[in-house]
Amino acid sequence: MVANAGRCADNQALVLPAALIAGTTFSAGSEVRSPVCNASTGETIGWQQHASAELVDRAVHAAHDALIAWRHTTPAARGKLLRKIAELLEADRARLCAMQMQVSGKPPFEADLDVSDAIATFIYYAGLCEDASVFAADSVAVPDATLLAERMHEPVGVCALIVPWNFPMVTTAWKLAPALAAGCTVVIKPSELTSPVEHMLAGIVSESGVPDGVVNVVNGGGEVGAWLTTHPLVDKISFTGSTASGRKVMQAAAEDMKRITLELGGKSALIVREDADVTHAVSLAVGGAFTNAGQMCSVTSRILVHDNLYRKFMAAFETAVRAIVVGPPQVADAAMGPLISAAQRARVAALVAQGVEAGAQVAFAGQLDPACADGFFMAPMVVAEPAADNVLWTDEVFGPVACVKSFRSDDEAISLANDTRYGLVATVVTNNESAARRYKAQLRAGLVWVNTPQLIFPQVCWGGLGLSGIGRELGVAGLRSYQEMRHTVGLRSGSLPAGL
Ligand code: NAD
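I will try to describe carefully the structure that is included in this document. (Residues numbered from 1 in each chain as written. Predicted model: local features only at pLDDT ≥ 70, side-chain atom pairs only at ≥ 80, totals over all residues. Heavy atoms only, no water.)

A separate point is the packing of helix α6 (residues 168-182) against helix α7 (residues 195-208). One way to put it is that α6 packs onto α7 with a least axis distance of 9 Å and a crossing angle of 40°. Classed by the angle they form, the pair α6 and α7 counts as oblique. Pair α6 / α7 crosses with right-handed handedness. Here Pro-168, Met-169, Thr-172 and Leu-176 of α6 come into contact with α7, specifically with Val-197, Glu-198, Leu-201 and Val-205. Its residues assigned to classes, the contact of α6 with α7 comprises 6 nonpolar, 1 polar and 1 charged. (Axes fitted to C-alpha atoms, helices over the stretch in contact; angles between N-to-C directions. Helix = DSSP H or I, 4+ residues; strand = E, 2+ residues; numbered from the N terminus. Parallel < 35°, antiparallel > 145°, perpendicular 65-115°, else oblique. Left-handed = near helix turned anticlockwise from the far one by under 90°. Contact = heavy atoms within 4.5 Å. Nonpolar A, V, L, I, M, F, W, Y, C, P; charged D, E, K, R; others polar.)

Attention shifts here to unusual backbone geometry. One non-glycine residue, Ala-293, lies in the positive phi region at around 55°. Structurally, Ala-293 is set in the loop between α10 (278-290) and β14 (302-306). We classify Ala-293 as buried; its relative accessible area is 1%. In this model, Asp-333 sits at a positive phi of 70°, which is unusual for a non-glycine residue. Tracing the backbone through its elements, the reader meets Asp-333 in the loop between α11 (310-322) and α12 (342-357). You can call Asp-333 exposed: its relative accessible area is 64%. (Buried < 20%, exposed > 50% of the residue type's maximum accessible area, 1.4 Å probe, protein only.)

Here we come to the sheet that holds strand β1 (residues 14-16). Taken in spatial order, the 3 strands line up as β1-β5-β4 in an open sheet, and their pairing is mixed. Whereas interior strands pair on both sides, the edge strands pair on one side only; in this sheet they are β1 and β4 (33-37). Within the sheet, the average angular offset between the axes of one strand and its neighbour, ignoring direction, is 25°. The sheet contact formed by β1 and strand β5 (residues 44-49) spans 3 bridges and is parallel. Across the sheet, residue Val-15 finds its bridge partner in β5, namely Trp-47. Packed on one face of the sheet, helix α3 (residues 93-104) meets β1, β4 and β5 and runs near 110° to β4. Each of β1, β4 and β5 is contacted by α7, which is oriented at about 70° to β1, the strand it contacts most. (Pairing = 2+ DSSP bridges.)

Judged by pairing direction, the sheet is mixed, and its 8 strands sit side by side in the order β3-β2-β10-β9-β8-β11-β12-β20 without closing on themselves. Strands at the two margins of the open sheet, each flanked by one partner only, are β3 (24-26) and β20 (469-470). Pairing between strand β11 (residues 236-240) and strand β12 (residues 259-263): 5 bridges, direction parallel. Among the inter-strand pairings, Lys-236 is bridged to a residue of β12, identified as Arg-259. α7 contacts β2 (19-21), β9 (185-189) and β10 (215-218) of the sheet and is inclined by roughly 160° relative to β10.

A few words on the packing of α10 against α11. Contact geometry of α10 with α11 gives a least axis separation of 9 Å together with a crossing angle of 50°. For the element pair α10 / α11, the angle class is oblique. Viewed along their axes, α10 and α11 form a crossing whose handedness is right-handed. Residues Val-278, Ala-281, Val-282, Ala-285, Val-286 and Phe-290 of α10 form the contact with α11, whose own contacting residues are Lys-312, Phe-313, Ala-316, Phe-317, Ala-320 and Val-321.

Turning our eyes to something else, we now look at the nonpolar core. In terms of nonpolar packing, the biggest core is built from 67 residues, with Leu-89, Phe-122 and Leu-176 touching the most fellow members. Counting contributing residues, this core receives three or more from each of domain 1 (6-265 + 461-486) and domain 2 (269-444). Leaving out residues up to four positions away in the same chain, Phe-122 has contacts with Leu-82, Ile-85, Ala-86, Leu-89, Ala-173, Leu-176, Ala-177 and Leu-201. By size, the runner-up hydrophobic cluster in this structure holds 59 residues, among which are Ala-289, Leu-309, Val-382 and Val-391. (Core = buried A, V, L, I, M, F, W, Y, C linked by side-chain atoms within 4.5 Å. Domains from an automatic or database assignment.)

Right, dumping it as structure tokens:
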């Protein structure tokens with residue numbers, strides 16, 4: 001059993017095994033080992049061994065061996081286990097939050113939200129498992145009364161779940177809960193920057209009674225992920241990460257026609273119409289741009305404000321951004337944490353330098369608390385009226401940098417918002433219902449929020465258009481993405497031709 005995997009006593013350095021396979025921890029992996037850092041102090045708090053190709057192969061075989069028994073458990077039995085996982089997550093909430101804060105430096109309320117999101121996801125898919133109609137074969141009407149046509153949903157098989165570092169427990173829960181509900185077995189490949197969180201989750205899954213081999217974890221970076229995506233026994237890859245890596249995953253999947261779900265990057269818009277309440281719009285703009293220090297696929301960093309409201313909005317936005325308390329989780333009122341690593345901060349700083357070199361003007365920026373000296377912190381900043389081809393306006397920055405542009409008409413706002421090859425989300429702030437309807441219809445995004453913060457429910461599907469990915473997570477579609485649809489067509493009994 002791996003119940004305590006990824007856990008360590010307080011003040012003891014974390015040492016993560018290279019893999020958790022069928023209930024056994026494997027300490028020795030490849031030659032590669034990488035540090036686990038505390039993003040808000042820059043300290044190394046532990047080490048992880050990366051898995052070797054041989055361990056990846058073992059993990060996939062373990063998932064493959066466990067598949068036959070697991071896929072034949074009843075949905076109700078699987079639902080019971082998912083509910084148990086949710087209960088164990090709730091019981092371990094404080095430790096899970098502490099780990100998120102220790103590794104990613106998330107403020108306490110953000111760490112807590114992540115745990116709540118993971119719990120809600122397991123509860124939702126437990127509920128679907130308890131609904132027999134979701135799994136039962138259903139009949140399909142065909143224009144011949146002598147025929148019976150039926151549709152069935154069956155588990156895809158062995159799934160590789162590859163996740164990034166920005167919401168580690170959440171992105172994993174969005175894949176793991178529906179995969180288990182569907183009757184699939186999995187190998188999880190966490191980001192090497194935040195893997196302790198997935199190890200805790202794997203420990204909880206094991207404690208819940210999910211049989212050994214159903215959930216396996218391999219540690220490492222892109223190389224380990226690539227071994228998974230090319231393994232012939234992997235039937236499906238569910239990948240969340242950058243569009244650049246997503247392309248490689250899609251190419252790797254093509255060889256065996258593996259099923260894929262790709263949740264990739266974004267460059268989303270928040271539109272403030274002339275009739276919007278400025279205080280509300282500013283609050284949504286701050287949340288959309290600076291939650292998780294801007295390290296969100298759904299960040300709305302392209303803020304479009306009606307010309308008549310622009311000055312008023314910018315004045316209030318400046319006050320709000322300057323008031324953001326940036327600091328480690330221990331700082332009271334900290335609302336924004338650090339970036340995940342020194343490399344990520346350097347990447348964001350380089351993009352800002354490139355944008356400024358090309359003419360972008362930083363209108364205002366926030367402050368860093370003195371407690372930020374050693375971590376990977378960066379003050380939030382706002383760029384005013386960048387050119388349409390400025391890198392800060394066109395590219396995913398994945399840091400606390402927002403751009404604001406003014407517009408004069410709904411046509412112009414919609415055209416500016418849609419002028420990107422991404423299409424993940426959008427937010428509209430307006431008090432005009434018919435305008436809201438038009439934006440909902442015409443914004444090219446997988447999810448459009450109207451006058452709300454970025455509310456995410458497990459019932460509502462998540463996923464983007466264009467370069468933001470392929471497929472949907474969450475909702476019933478999230479379950480279906482771990483199932484193959486099959487049909488049968490046959491003569492109804494009593495309809496056999498005479499003599500047969
Ligand atoms: P990344 O693409 O560098 O890595 C993501 C994961 O893929 C990591 O586990 C990494 O080790 C692995 N990986 C890298 N190359 C691989 C390859 N060739 N084959 C298989 N696996 C590979 O992304 P990141 O920097 O960890 O995360 C940030 C990105 O994730 C951003 O672009 C963000 O928009 C995106 N993201 C998207 C969503 C969404 O739901 N659409 C959610 C969160 C993050």
